[in-house]
Amino acid sequence: QLARIQTDSVVEMLRELYPDLCFEIVAMSTTGDKILDTALSKIGEKSLFTKELENALERNEVDLVVHSLKDLPTSLPPGFTIGAVCKRENPLDAVVFHPKNCGKTLSLLPEKSVVGTSSLRRAAQLKKKFPQLEFRDIRGNLNTRLKKLDEKEDFSAIILAAAGLKRMGWENRIGQLLSPEDCLYAVGQGALAVEVRAKDQEVLDMVSALHDGETVLRCIAERAFMKRLEGGCSVPVAVNTVLKDGQLYLTGAVYSLDGSDSLKETMQTSVNYPQQDEDGPSDDVQHVGITAKNVPGQAQEAAENLGVELACLLLSKGAKHILSVARQLNDAC
């Protein structure tokens, strides 16, 4: 349902821009939708929610695919690109409480209360901050997870992305928004991406009108950070980005599975560059899988370099060890 709402919102924007074009929506399900009894971090397939959709794109059965950007790997298969990154919804994580805990916050939950999350990133950060609570895996789409929360007594609360709840019209269920001090968010969280065939210039030009410049630069920095760390959903990597007065600030962190070991740093760069007319063919210029001709190329480069530099800083301080231990432990348990 959320995937459908997200797709409808993108199609709606395209219809407004191109009233003469006809858009047909093709619904599909993916491996990630079907395997619901295993933690995402255990399945180990990076393209869990994307492979089937990309196959349809490759076979020309569809012309564009709408994803949550955080589901897209930082390296796309050859021949594909992200042709649009739409304006980001609130990227923060939200706590939804069992009705009996209405009005509480995580710090007010009784000791040993069980909190559900399918994300190693969320669990690692929150275990450290709230050692009195227990964190347990919960899978399924938003509807399923909320049902599990409301109808059983297994969970006192669950953690979900605020963006998904808002898009579903369930903002009233948010009991607590977790600030970046409590919980840094996932790379690309809250942003929608439109994936297209890299050589399909017509479709690429059409969807590029949906790019939101600020979101593009923030997400390029975040994805470059993740890519350099070789992170995925099997290790806890988290970020926070702010673009203010032409300066892009990126905070990035890596965590051990229990949150006891972590590295966190912030860096900034100027992205205050004018848009220039690119000389010659530039259809191959991608920044971590994103093609955005209408966002200044120098600014995109600066954002990508920022992500790489921050990752290198963390690696120089021992991030590789934290991540490889987290990976091994996750594979073993």
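Residues numbered from 1 in each chain as written. Predicted model: local features only at pLDDT ≥ 70, side-chain atom pairs only at ≥ 80, totals over all residues. Heavy atoms only, no water.

Some points on the sheet that holds strand S10 (residues 247–255)
Taken in spatial order, the three strands line up as S9-S10-S11 in an open sheet, and their pairing is antiparallel. Only two strands of the sheet have a single neighbouring strand rather than two, namely strand S9 (237–244) and strand S11 (262–270). For this sheet, the mean angle separating the axes of adjacent strands, direction not counted, is 15 degrees. Two elements, S9 and S10, share eight bridges in a ladder whose sense is antiparallel. Note on S10: the bridge partner recorded for valine 242 is tyrosine 249. Helix H10 (residues 297–316) contacts S10 and S11 of the sheet and is inclined by roughly 150 degrees relative to S11. (Pairing = 2+ DSSP bridges. Helix = DSSP H or I, 4+ residues; strand = E, 2+ residues; numbered from the N terminus. Axes fitted to C-alpha atoms, helices over the stretch in contact; angles between N-to-C directions. Contact = heavy atoms within 4.5 Å.)

Brief notes about the domain arrangement of the protein chain
Here the protein chain is partitioned into domain 1 (1–90 + 187–332) and domain 2 (93–177). One C-alpha centre belongs to domain 1, the other to domain 2, and the line joining them spans 25 Å. (Domains from an automatic or database assignment.)

Overview of the environment of glutamate 214
Among the secondary structure elements, glutamate 214 is positioned in helix H9 (residues 213–229). A relative accessible area of 37% places glutamate 214 in the partly exposed class. (Buried < 20%, exposed > 50% of the residue type's maximum accessible area, 1.4 Å probe, protein only.)

Some thoughts on the side chain of arginine 223
Residue placement: arginine 223 occurs in helix H9. Buried within the structure, arginine 223 lacks any salt-bridge partner; its nearest side chain of opposite charge belongs to glutamate 195, at an N-O separation of 8.3 Å. A polar side-chain atom of arginine 223 sits 3.1 Å from the main-chain carbonyl oxygen of leucine 72. Excluding its chain neighbours within four sequence positions, the residues that come into contact with arginine 223 are Leu69, Leu72, Pro73, Thr74, Ile82, Val187, Val288 and Ile290. (Lys, Arg positive; Asp, Glu negative; His and termini not counted. Salt bridge = Lys/Arg side-chain N within 4 Å of Asp/Glu carboxyl O. Polar contact = N/O pair within 3.5 Å; in protein donor to acceptor, adjacent residues only side chain to side chain.)

A look at the sheet that holds strand S2 (residues 80–85)
Read from one edge to the other, the open sheet built from three strands follows the order S1-S8-S2, with strand pairing classed as antiparallel. Since the sheet does not close on itself, it has two edges, and those belong to strand S1 (64–68) and S2, each with one partner. Ignoring strand direction, the axes of neighbouring strands in this sheet form an average angle of 35 degrees. Each of S1 and strand S8 (192–197) is contacted by helix H1 (residues 2–17), which is oriented at about 130 degrees to S1, the strand it contacts most.

Topic: the pairing of strand S6 (residues 157–161)
Judged by how many residues are buried, S6 sits mostly within the fold: five of five residues are covered. Burial of S6 is two-sided: the residues Ala157, Ile159 and Ala161 facing one way and the residues Ile158 and Leu160 facing the other way are all buried. Of the strand pairs in this sheet, strand S3 (residues 93–97) and S6 are connected by five bridges, and their pairing is antiparallel. Paired with alanine 94 across the strands is leucine 160, a residue of S6.

Side note on H1
If you check H1, its first and last C-alpha atoms are 23 Å apart, about what 16 residues at 1.5 Å a residue would give, namely 22 Å. Taken together, the buried positions of H1 are Gln6, Thr7, Val10, Val11 and Leu14. Seen from one end, H1 has its buried residues packed into an arc of 130 degrees, which puts them on one side. On the buried face of H1, the contacting elements are S1, helix H7 (162–167), S8 and helix H8 (201–207). (Expected span 1.5 Å × (residues − 1). Arc of directions from axis to C-beta.)

Some points on the environment of glutamine 132
Inspection of the secondary structure puts glutamine 132 in the loop between helix H5 (120–129) and strand S5 (134–136). Setting aside residues no more than four positions away along its own chain, glutamine 132 makes contact with Leu106, Ser107, Glu111, Lys112 and Ser113.

Regarding the packing of H9 against H10
At a minimum axis separation of 7 Å, H9 and H10 run at an interaxial angle of 35 degrees. For the pair H9 and H10, the crossing hand works out as right-handed. Where H9 abuts H10, its residues Leu217, Ile220, Ala221, Ala224, Phe225, Arg228 and Leu229 lie against Ala299, Gln300, Ala303, Glu304, Leu306, Gly307, Val308, Leu310, Ala311, Cys312, Leu314 and Leu315. (Left-handed = near helix turned anticlockwise from the far one by under 90°.)

As for the side chain of glutamine 300
Among the structural elements, glutamine 300 can be located in helix H10. On the basis of relative accessible area, glutamine 300 is assigned to the buried category, the value being 4%.

Side note on helix H4 (residues 51–58)
Of all the residues in H4, the buried ones are Leu53, Glu54, Ala56 and Leu57. The buried residues of H4 occupy an angular sector of 155 degrees when the element is viewed end-on, so they sit on one face. Looking at the packing, one finds that the buried side of H4 touches S1, S2 and S8. Among the residues trailing H4, asparagine 60 stands out with phi positive, at a value near 60 degrees.

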